[in-house]
Amino acid sequence: MTRRRTYRLTGGLAATGLVVLCAAPAAPQDAGGLEARLRFSQRLTQEDGTLSTTTGLGVTLSSRTRTESFLFSVDSGLEQDFDGSSMVQKDPRVILSYGRESASSALSTDFSYSRTDVDSVSEDDDLADGVLQLDEGLLQRYSGKLFLELGRDAPFGATVDLGYSAKAYSETSNSNLLDEEKVNATLALRFDLDPRISAGLRSSISETDRDDPGQDTSSASIGGTLDFGVTKTLSTNAYLGYSRVTKSTPGLPDDTQKGLAYTLSFTEQRPNGDLSGSLSSDIDEAGRRTIARIDRSLELPGGALRAGVGVSTSEDDSLRPLLSFAYNHGLPRGTFAVKFDQAFSTDSDGEEALNSNFGVNYRQELTPLSSLQAGLILRDTDFVSDDDTDKRKLQLDLVYRHSLAQDWNVVGGYSHSISDRSSDDREYSSKVFIGLEKATQWRF
């Protein structure tokens, strides 16, 4: 019998129990304007045979002027089961960001924290950051970034990019889920030789520290860049450098890989969208991987299309296709969007896998006061090595909303997920909920 996941965040449309768990920055406002948003929800949920009630609360403060932007957002909930168990905190999430720019410089900082189920999936997940995990328990994520740019309006400029991220697991049953910390730093120098040609130097380092007996990784690279504007609409970019990656595993000697790294790319601006292509090869903890791809974006009547196709190969992998596709279309009384993306990543043991994500979202206004939303997410992890088990998760969400007086909404929905660890290990989960939600805002 599978233990019920109290902290479940199913993702997609049915996961919006706090109305908006992760608020996007506000649209440009009047100079000095500060906007405050308050979100409240109360829901009754039946999930996998257990009845519970959840109270959600979220606050967002945001401001944007021509030179500064600020965002602070916090969301969380309190969940109480009717079986007499204690009240627990549900899916806390915090975002803090600040940015300032002028004609000659720019500065931005970002911090975020979240706690979700280990097996949560979302359309916005970074496919290059880890692999799909199908396990009980919780995952806490921390991240911080600092970006500084100088000499934006001068023939010589520099950028500094610093980053920190961490993952912490708890209440899990899989011993391969290891806590990890990662720090990275990049310094880039730019030299404008003439209005069409710009040269540069770039150096970066990163350190990934995983709990024992995980594989720690340190990497460093240095190289030169060249940007060349061929015409007013066609630009090219080249990078040539040297990369070094050292893997440290307890009980084994260090494994160091080093070699040439390069990237060649072009972008052509067209009246209805851009055409771009690239050829790149670099070394990471899984070894050398080479990717060639071409992408096209199109502005269409009532929508937008982005499509890309490529091929990739590595020392331990045969030639694989890489596909991407995204289409957004505005309907007379709704919206429709479909998206497919692929990216390579590594797990805690440094094993490489191809992550694929397919999502469909549909929203329709039934009446001036009511709307229906439907969503589908399919996430797949295909390991390069046959020693690891591929994983797949399908999630379906359906949500109905009806507006009441004074910004109150009544909301009801259904969510169903199917998780495949192997052909003979499949898990099902279902959730039905109904509740009230309210969102208000003030401008100062």
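Just above, that's the structure.
Not measured: the values here are computed from a predicted model. (Residues numbered from 1 in each chain as written. Predicted model: local features only at pLDDT ≥ 70, side-chain atom pairs only at ≥ 80, totals over all residues. Heavy atoms only, no water.)

Novice: Just to check I follow, could you spell out a negative patch on the surface for this structure?
Specialist: On the surface, Glu181, Glu207, Asp209, Asp211 and Asp212 cluster together into a patch of negative charge. Here Asp209 shows up in strand S9 (residues 197-210). Since its relative accessible area comes to 43%, Asp209 is described here as partly exposed. (Patch = residues over 30% accessible without salt bridge, like charges linked within 9 Å, V, L, I, M, F, W, Y side chains within 5 Å. Areas by Shrake-Rupley, 256 points an atom, 1.4 Å probe, with all protein chains shown as cover. Salt bridge = Lys/Arg side-chain N within 4 Å of Asp/Glu carboxyl O. Lys, Arg positive; Asp, Glu negative; His and termini not counted. Charge placed at Lys NZ, Arg CZ, Asp CG, Glu CD. Helix = DSSP H or I, 4+ residues; strand = E, 2+ residues; numbered from the N terminus. Buried < 20%, exposed > 50% of the residue type's maximum accessible area, 1.4 Å probe, protein only.)

Novice: I keep staring at the pattern of salt bridges and nothing clicks. Help me out?
Specialist: Oppositely charged side chains can pair when the atoms bearing their charge come close. Under the criterion given, the structure shown has 29 salt bridges. Two residues, Arg152 and Glu149, come together in a salt bridge whose shortest N-O distance is 3.6 Å. Take Arg152: its relative accessible area is 34%, and that puts it in the partly exposed class. Here Arg190 and Asp192 are joined by a salt bridge, their closest N and O atoms 3.2 Å apart. The structure contains a network of salt bridges with shared partners spanning Arg289, Asp317, Arg320, Glu352 and Asp382.

Novice: Explain the environment of Leu260 to me, please; I cannot follow it from the model alone.
Specialist: Locating Leu260 in the fold gives a position in strand S12 (residues 255-270). With relative accessibility at 47%, the residue Leu260 sits in the partly exposed group. Setting aside its immediate chain neighbours within four residues, Leu260 contacts Leu240, Gly241, Ser281 and Arg288. (Contact = heavy atoms within 4.5 Å.)

Novice: Is there a simple way to think about the pairing of strand S16 (residues 317-331) in this case?
Specialist: Each regular strand carries side chains that alternate between the two faces of the sheet. In this structure, strand S15 (residues 303-314) lies alongside S16, joined through 11 bridges in antiparallel fashion. If you follow Gly303 over to S16, its bridge partner there is His329. Hairpin connection from S15 to S16: 2 residues lie between these consecutive antiparallel strands. In textbook terms, the turn of a hairpin is the stretch between consecutive antiparallel strands, and for S16 and strand S17 (residues 334-346) this stretch comprises 2 residues. (Pairing = 2+ DSSP bridges.)

Novice: Just to check I follow, could you spell out the packing of aromatic side chains for this structure?
Specialist: Think of a pair of aromatic rings as described by two things: how far the centres are apart, and how the planes are tilted against each other in angle. As enumerated under the stated definition, the model contains 3 aromatic pairs in all. Ring centres of Phe40 and Trp408 lie 6.2 Å apart, and the angle between their planes is 80°; on these two criteria the pair is classed as edge-to-face. Here the residue Phe40 occupies a position in strand S1 (residues 34-47), and Trp408 occupies one in strand S21 (residues 408-422), the gap between them amounting to 368 residues. The exposure class of Phe40 is partly exposed, given its relative accessible area of 29%. For Trp408, a relative accessible area of 27% corresponds to the partly exposed category. With centroids separated by 5.0 Å and ring planes inclined at 45°, the aromatic side chains of Tyr113 and Tyr142 adopt a geometry described as tilted. One end of the pair, Tyr113, is in strand S5 (residues 105-117); the other, Tyr142, is in strand S6 (residues 138-150), and 29 residues separate them in sequence. You can call Tyr113 buried: its relative accessible area is 16%. One Lys or Arg, Arg202, reaches over the ring of Tyr239 and ends 4.2 Å from the middle of that ring. The ring of Phe344 carries Arg289 above its face, with NZ or CZ at 3.5 Å from the centroid. (Phe/Tyr/Trp six-rings, centres within 6.5 Å; stacked < 30°, edge-to-face > 60°. Lys NZ or Arg CZ within 6 Å of the ring centre and 35° of its normal.)

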